[in-house]
Amino acid sequence: MKVALTGHLRCATTAEADRVQAGLATHTRLTRAEPGCLRFDVTPTDDPLVWHVAELFTDRAAFDAHQARAGASDWAKLTAGIKRDYKITEIP
């Protein structure tokens, strides 16, 4: 089953938004290069403090590997404490 993550990254301040902007390009490039990544998009919304997040991976193993890599990455350190409002679903 494919695994999808959708939702929002919600910054509380412009300083947090600046941190997202600073690391987003590298995080996106590294994620899209991961085995099993079918889609990874983090796009701005009308609110400059909120981004829409949409991810799709081939299976749970690929998704879990992404979570492990991202959790230990510079992105995780840079965006620590920023609210994430995500829903994870499995797609047959």
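Residues numbered from 1 in each chain as written. Predicted model: local features only at pLDDT ≥ 70, side-chain atom pairs only at ≥ 80, totals over all residues. Heavy atoms only, no water.

**Some remarks on helix α1 (residues 14-32)**
The first and last C-alpha atoms of α1 sit 26 Å apart over 19 residues, in line with the 27 Å expected at 1.5 Å per residue. Of all the bends in α1, the greatest, near 45°, is centred on Leu-24. Of all the positions in α1, only Glu-16, Ala-17, Val-20, Gly-23, Leu-24, His-27, Thr-28 and Thr-31 are classed as buried. Buried residues belonging to α1 abut β1 (2-10), β2 (37-44), β3 (50-57), α2 (60-71) and α3 (74-78). (Helix = DSSP H or I, 4+ residues; strand = E, 2+ residues; numbered from the N terminus. Expected span 1.5 Å × (residues − 1). Bend = angle between axes of the 7 residues up to and from the residue. Buried < 20%, exposed > 50% of the residue type's maximum accessible area, 1.4 Å probe, protein only. Contact = heavy atoms within 4.5 Å.)

**So, the pairing of β3**
Within β3, six of the eight residues are buried, which leaves it mostly tucked inside the rest of the structure. Here β1 runs beside β3; their pairing, made up of eight bridges, is antiparallel. Residue Ala-4 lies in a different strand from β3, and its bridge partner there is Leu-56. (Pairing = 2+ DSSP bridges.)

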